[in-house]
Amino acid sequence: MFVAGGLKSLLPHVLRRIIRCNRLSISNTSGMAEGYKQANVVILHKSLADDFEKFCHANAGPLPLLYRSKPGDWKCPSLSSDSDIRTDCLQYRVYEHGACTGTLKSLKEYSEQLKDMVTFYLGCSFSFEKAVQNAGIPVRNVEQKRNVSMYKTAVPCYSISTFCCNLVVTMRPIPESKLEAAVLATSKLKEAHGAPVHMGDPGLLGIQDLSKPDYGDPVHLHPGDIPVFWACGVTGVEAVINCRAPLAFTHSPGCMFITDLKNDNVTVRSSREVPQVHCISQDPLHYSIVSAEAAQKIKNLETLIGIDPGDRGIIHLHRQDELLKACLSISHARSVLITTGFPTHFTYEPPEENDGPPGALAIAAILQALEKEVAIVTDQRAMNLNKKIIEEAVQLGILKRPVPLLSYQKESADSALMFLCESGNPGRPRFDHLVAIERAGMAADGNYYNARKVNIKHLVDPIDELFLAAQTIPGVATTGVGDGGNELGMGKVKDAVKKHIKNGDVIACDVEADFTIVAGVSNWGGYAIACALYILSTCEIHDRYLRKAVGFPQISKKMGWLSALPSVTKEENLLKTLVQHGVRSGKTASLEMEVDGLPFYDTHSVMIEKLL
């Protein structure tokens with residue numbers, strides 16, 4: 001009998017011959033025939049073959065199709081010179097009407113039935129393990145001499161006819177410092193599942209316990225390792241189970257068919273193809289992926305909106321890459337709550353300024369186009385005003401439909417939690433992300449101040465409490481957008497506000513957001529968020545990661561997203577609407593205005609043109 005130690009360097013045809021003779025004392029083919037492609041195997045009746053092929057194409061991440069045989073053809077000439085699918089896998093599973101009825105070393109006894117059956121050879125992550133090792137990254141399952149861990153997820157695949165199932169993933173522990181290298185090493189190996197589909201907390205995939213894989217063996221994480229998940233060809237096994245075919249065969253998970261094809265040495269050619277990894281949450285731990293090209297565009301936006309037209313010293317508040325990380329987090333969100341409203345003109349009715357609402361509606365518009373749930377929470381006294389603004393924004397074509405308008409009042413100690421979560425249960429949040437843009441923020445003394453140190457607390461509802469409560473709810477992130485340091489969410493930079501902003505020692509907001517976006521005018525921050533979300537949505541690398549490599553690319557919706565972006569005409573019309581409703585400070589180019597009571601010059605039209 002052969003043992004695993006000497007098999008890594010054997011050529012595939014030699015390994016197949018040894019397997020065919022049943023002379024191997026190993027339980028899986030991980031690490032075998034290094035550098036050669038391995039394949040998952042699904043064998044179905046010919047009447048199901050066309051639909052299964054469509055299912056593979058619709059879910060190319062887990063099911064990259066290497067070869068489809070003709071009925072009764074036991075060979076695969078494009079994958080191997082001499083092979084027999086009846087004998088060349090370590091072990092097979094037999095399925096009857098969706099139930100596994102046995103495991104076999106050979107399918108020869110089913111030769112008659114196989115004459116009417118079609119074999120599908122699907123790419124396997126074992127194929128990329130050598131590339132990962134060559135990048136200086138440990139492959140823990142190989143180190144531990146274990147089969148890779150495989151898990152059923154809560155992520156539905158794109159269904160075709162009777163083929164429907166949830167995604168199955170493999171997990172490999174990767175040192176945090178090697179995450180980007182692991183993504184780069186695998187991203188171009190699309191026939192081996194390509195880049196990961198998730199990095200971080202397994203619970204975000206619906207996986208409850210890493211120590212209990214659905215297939216394969218548990219693989220132990222070393223200190224500093226992050227669980228990284230790739231789409232897995234065992235998804236095809238789940239599809240076979242759910243289609244309940246009278247008779248079907250698959251490889252046993254981990255017992256792959258080894259081909260004669262070497263892994264391609266793919267070189268990444270442009271920044272559009274170079275992936276970057278960014279941590280967007282610590283609780284739960286969550287990383288996202290974006291192309292270097294898209295990331296640079298968003299960084300350019302961040303630089304652009306950082307212009308300080310009032311020369312107020314906001315450059316000292318800037319935190320690099322906050323726009324990128326905030327928008328990556330929003331991109332992953334299902335439901336977003338937006339708040340705005342800064343009643344700086346406290347002697348007028350209404351007291352609001354017009355910095356904030358246009359940016360908030362620009363964010364809401366792109367979120368609607370991206371088919372996310374979005375709502376706005378504002379002060380009770382300003383509900384009627386905001387309702388009219390939203391209605392006219394729909395008429396102007398800024399919004400596709402009205403945005404639900406909410407108010408918040410503190411009635412008990414758990415009011416914020418009850419508002420944010422169903423029945424106050426932190427495990428069932430209504431919103432994944434909270435965004436405050438030009439929203440009056442609570443100072444350290446519990447009051448709210450405009451830039452001239454005037455206390456406007458009597459005009460402000462305690463929406464800050466929602467941001468404080470969000471800090472206690474796993475999976476709910478927050479973003480604050482501001483231009484002076486007294487806005488909700490700016491607590492993250494309060495020390496810089498106190499040091500560098502006029503009156504900062506009094507007016508600095510004390511409430512932090514996870515992400516702080518500082519702009520010369522807060523509306524610019526809103527426009528930049530809208531543009532950045534569009535950039536992310538049109539980034540193929542990010543789109544694939546969002547949909548977990550199942551279904552089809554969403555780029556076909558690009559024109560709808562584009563039409564939702566802010567434009568000079570939209571924003572000028574909205575600003576006119578705000579003036580008609582008595583909201584002070586005209587926001588047209590080169591007109592003197594006030595923000596938080598301090599005069600400076602705004603150039604909205606020019607800024608929008610630059611962003612776009």
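Remember, predicted model here, so these are calculated numbers, not experimental data. (Residues numbered from 1 in each chain as written. Predicted model: local features only at pLDDT ≥ 70, side-chain atom pairs only at ≥ 80, totals over all residues. Heavy atoms only, no water.)

Draft legend 1. Representation of the overall build of the chain. The secondary structure content of the chain amounts to 20 helices and 21 strands. Oriented by its inertia axes, the alpha-carbon framework of the chain measures out at about 90 × 50 × 45 Å. Out of the 612 residues belonging to the chain, those deemed buried represent 58%. Within the chain, residue pairs in contact and separated by at least 24 positions form 75% of the contacts whose partners lie at least 6 positions apart. Surface exposure of the chain reaches about 23,800 Å², of which carbon and sulfur atoms provide 50%. Side chains of the chain give 64 positive and 67 negative charges; the mean places of these two sets differ by 7 Å. (Helix = DSSP H or I, 4+ residues; strand = E, 2+ residues; numbered from the N terminus. Buried < 20%, exposed > 50% of the residue type's maximum accessible area, 1.4 Å probe, protein only. Contact = heavy atoms within 4.5 Å. Areas by Shrake-Rupley, 256 points an atom, 1.4 Å probe, with all protein chains shown as cover. Lys, Arg positive; Asp, Glu negative; His and termini not counted. Charge placed at Lys NZ, Arg CZ, Asp CG, Glu CD.)

Draft legend 2. Region of the structure containing the nonpolar core. By size, the foremost hydrophobic cluster in this structure holds 62 residues, and its most contacted members are Ile338, Leu361, Ile366 and Ile529. Per-element tally for this core: the top contributor is helix α16 (residues 522–537), with eleven residues. If near-sequence neighbours (up to four positions away) are discounted, Ile338 is found in contact with Ala360, Ile363, Ala364, Leu367, Val374, Ala375, Ile376, Val377, Val435 and Ile437. (Core = buried A, V, L, I, M, F, W, Y, C linked by side-chain atoms within 4.5 Å.)

Draft legend 3. Region of interest: the packing of aromatic side chains. A full pass over the atoms with the stated rule returns eleven aromatic pairs. Both rings, one in Tyr67 and one in Tyr121, keep their centres 5.9 Å apart while their planes meet at 55°; by these two values the pair is tilted. Pair noted here: Tyr67 is in strand β2 (residues 65–68) and Tyr121 is in strand β5 (residues 117–123), with a separation of 54 residues, a long-range link. In terms of burial, Tyr67 and Tyr121 fall into one category: buried. (Phe/Tyr/Trp six-rings, centres within 6.5 Å; stacked < 30°, edge-to-face > 60°.)

Draft legend 4. Structural context of the domain arrangement of the chain. By the assigned domains, the chain splits into domain 1 (12–125 + 238–262), domain 2 (128–225) and domain 3 (276–583). Just the C-alpha atoms count here: the centres of domain 1 and domain 2 sit 21 Å apart. Each partner contributes residues to the interface: domain 1 has 30 residues there, and domain 2 has 28 residues. Summed over both sides, the interface of domain 1 with domain 2 buries roughly 2,400 Å², with 58% coming from carbon and sulfur. (Domains from an automatic or database assignment. Buried area = accessible area lost by both parts, 1.4 Å probe.)

Draft legend 5. Main features of the pattern of salt bridges. Applying the stated criterion across every chain, the model contains 30 salt bridges. Arg86 is paired through a salt bridge with Asp84; the nearest N and O atoms lie 2.8 Å apart. Looking at Asp84, the relative accessible area reads 13%, which means it is buried. For Arg140, the salt bridge is made with Glu143, and the minimal N-O distance between the two is 3.2 Å. Of this pair, Arg140 and Glu143 both sit in helix α5 (residues 140–143), three residues apart, which is roughly one turn of that helix. For Arg140, a relative accessible area of 8% puts it in the buried group. Here the salt bridges do not stand alone but share partners, grouping Arg16, Arg17, Asp82 and Asp260 into one network. (Salt bridge = Lys/Arg side-chain N within 4 Å of Asp/Glu carboxyl O.)

Draft legend 6. Main features of the sheet that holds strand β9 (residues 225–231). With antiparallel pairing, the six strands of this open sheet are ordered in space as β6-β7-β9-β8-β13-β12. Two strands close off the open sheet at either side, each with one partner strand: β6 (149–156) and β12 (275–282). Taken over all neighbouring pairs, the strand axes of this sheet differ in orientation by 35° on average, direction set aside. Where β6 and strand β7 (residues 166–175) come together, five bridges link them in antiparallel fashion. (Pairing = 2+ DSSP bridges. Axes fitted to C-alpha atoms, helices over the stretch in contact; angles between N-to-C directions.)

Draft legend 7. Representation of the pairing of β5 within the structure. For β5, the tally of buried residues reaches seven of seven residues, placing the bulk of the element in the interior. Note: strand β1 (residues 36–45) against β5, seven bridges, orientation antiparallel. Bridge pairing in β5 places Leu44 opposite Val118. Relative to β5, β2 runs antiparallel, the two sharing three bridges. Across the sheet, Leu65 pairs through a bridge with Leu122, a residue of β5.

Draft legend 8. Examining the side chain of Thr478 more closely. Mapped onto the secondary structure, Thr478 falls in strand β18 (residues 477–482). Look at Thr478 and you get buried, because its relative accessible area is 2%. A polar side-chain atom of Thr478 sits 2.9 Å from the main-chain amide nitrogen of Asp514. Once residues lying within four places of it in the same chain are set aside, the contact partners of Thr478 are His433, Leu434, Phe467, Ala470, Glu512, Ala513, Asp514 and Phe515. (Polar contact = N/O pair within 3.5 Å; in protein donor to acceptor, adjacent residues only side chain to side chain.)

Draft legend 9. Representation of the sheet that holds strand β14 (residues 335–341) in the model. If you walk across this open sheet you meet the six strands as β16-β15-β14-β17-β18-β19, and the pairing is parallel. Sheet topology places β16 (405–407) and β19 (515–518) at the edges, where each strand pairs with a single neighbour. Neighbour-to-neighbour, the strand axes of this sheet turn through a mean angle of 25°, independent of strand direction. As paired elements, strand β15 (residues 373–378) and β16 share three bridges and run parallel to each other. Its bridge partner lying in β16, Val377 is registered against Leu406.

Draft legend 10. Layout of the side chain of Thr339. Among the structural elements, Thr339 can be located in strand β14. Taking the relative accessible area as the measure of exposure, Thr339 reaches 1% and is therefore buried. A polar contact is formed between the side chain of Thr339 and the backbone oxygen of Val377, at a distance of 2.9 Å. If we ignore the near neighbours within four places in the chain, the residues touching Thr339 are Val377, Val435, Ala436, Ile437, Arg439, Ile463, Phe467 and Leu488.

Draft legend 11. Examining the pairing of β14 more closely. A large share of β14 lies buried, amounting to seven of its seven residues. The alternating pattern of β14 places Ser335, Leu337, Thr339 and Gly341 on one face and Val336, Ile338 and Thr340 on the opposite face, and all of these are buried. Pairing of β14 with β15 involves five bridges; the strand directions are parallel. Bridging across to β15, Ser335 finds its partner in Glu373.

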